[in-house]
Amino acid sequence: MIVDYKEIFSQNNVGKILYNEPMANHTTFKIGGPCDVMILPSNEEEILNALKIIKNNNLEYMIIGNGSNLLVRDKGIRKVIIKLNDNYSNIEIKDNYVIAQAGALLSKTAKTAMKKDLTGMEFASGIPGGIGGAITMNAGAYGGEMKDILEKVKVINKDLEIKEYSVSEMNMRYRNSRVQDEGLIVLEATFKLEKGKPEDIKALYDDLTFKRTSKQPLEYASAGSTFKRPEGHFAGKLIDDCGLRGYRYKDAQVSEKHCGFVINRGNADFEQVYYVISHVQEVVKEKFGVNLEPEIRIIGEE
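Attention in this report is confined to the structure presented alongside it. (Residues numbered from 1 in each chain as written. Predicted model: local features only at pLDDT ≥ 70, side-chain atom pairs only at ≥ 80, totals over all residues. Heavy atoms only, no water.)

**Considering the overall build of the protein chain**
Along the protein chain, the regular secondary structure elements total nine helices and 19 strands. Over its C-alpha trace the protein chain gives a radius of gyration of 20 Å, about what one expects of a compact globule, namely 19 Å for 302 residues. Each principal axis of the C-alpha distribution contributes one length, and for the protein chain these read about 55 × 55 × 30 Å. Out of the 302 residues belonging to the protein chain, those deemed buried represent 50%. Accessible area for the protein chain stands at about 14,600 Å²; split by element, carbon and sulfur atoms hold 45% of it. Here the protein chain holds 41 positive side-chain charges and 43 negative ones, and the gap between their average locations is 3 Å. (Helix = DSSP H or I, 4+ residues; strand = E, 2+ residues; numbered from the N terminus. Rg over C-alpha atoms; globule rule 2.2 N^0.38 Å. Buried < 20%, exposed > 50% of the residue type's maximum accessible area, 1.4 Å probe, protein only. Areas by Shrake-Rupley, 256 points an atom, 1.4 Å probe, with all protein chains shown as cover. Lys, Arg positive; Asp, Glu negative; His and termini not counted. Charge placed at Lys NZ, Arg CZ, Asp CG, Glu CD.)

**A short note on the sheet that holds strand 3 (residues 61-64)**
The strand order across the open sheet built from four strands is 1-2-5-3, with neighbouring strands paired in mixed fashion. Edge positions in the sheet fall to strand 1 (16-22) and strand 3, since each of these pairs with one other strand and no more. Neighbour-to-neighbour, the strand axes of this sheet turn through a mean angle of 30°, independent of strand direction. When strand 1 meets strand 2 (residues 34-40), the two strands line up antiparallel, connected through six bridges. For proline 22, the partnering residue across the bridge sits in strand 2 and is proline 34. (Pairing = 2+ DSSP bridges. Axes fitted to C-alpha atoms, helices over the stretch in contact; angles between N-to-C directions.)

**Comments concerning the side chain of glutamine 253**
Along the chain, glutamine 253 falls in strand 17 (residues 252-254). Taking relative accessible area as the criterion, glutamine 253 reaches 5% and is therefore assigned buried.

**Details of unusual backbone geometry**
Glycine aside, residues mostly have negative phi, and peptide bonds are mostly found in the trans state. Residues other than glycine seldom take positive phi values, yet asparagine 58 does so here, at roughly 55°. Here asparagine 171, not a glycine, exhibits a phi torsion of approximately 45°, which is positive. Here asparagine 171 shows up in the loop between strand 12 (162-166) and helix 6 (178-182). Its relative accessible area of 43% is what places asparagine 171 among the partly exposed residues.

What follows is the structure, encoded as structure tokens:
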């Protein structure tokens, strides 16, 4: 069925609209064919307007942030993409609370907290992605997780109602949350931090930044950690122990710097990256009997 998106979304207050937009422009992997339509709302009203139009026209849709956890197929996506990134990224500090909209980058949010001498969010300073995605998957690093500092979340539910939930109501666990359970849309998150000594906060921030930059292949496009941590193991070590460090297929490669990352060396497409991921899974399963589950989301038309 051919859908006339321009007609459906014309003269409606939904924010900026892009048609036939390459997803490679909106993912940190720099990979992915076009989506039919992308909406970039800048406030709650525009988000709700877009969702109402989508619902009234029985359209399929997907929410994305800065695309740091996505691998998009080369044929693209036959859905409406609502992107919450720079267009919806306000950060506010009230006493020891940080209130950030879904599109705000975790790195920028953590840096904003640091500048106000607030401690507790340093672990998140190097996690790629935005607040919405971080809450959705309870992102974590260096011993900390979103649930450790989260106070409450504002969301839109399936009935297009705006709700607020405390962290105890969010069912946050390893790389999952109530957001995924119920198909919620994160609008805003409030974090409770503590006042700290500026020199201590900066020292920890700098230490974690060094660990990240020295151990992760940030010079290449990727979607961060490719695989979830299997119980009792570390994905990167399993991959390394299989002799797959640096394993390459065309322009997709297991990083030599950190085996837990599959990288795009420049011109990789979906098929190349997927081939490397599948090969790694197959070899690790054969040698250690461990199923490596992707941490990245693989989406798009097959």
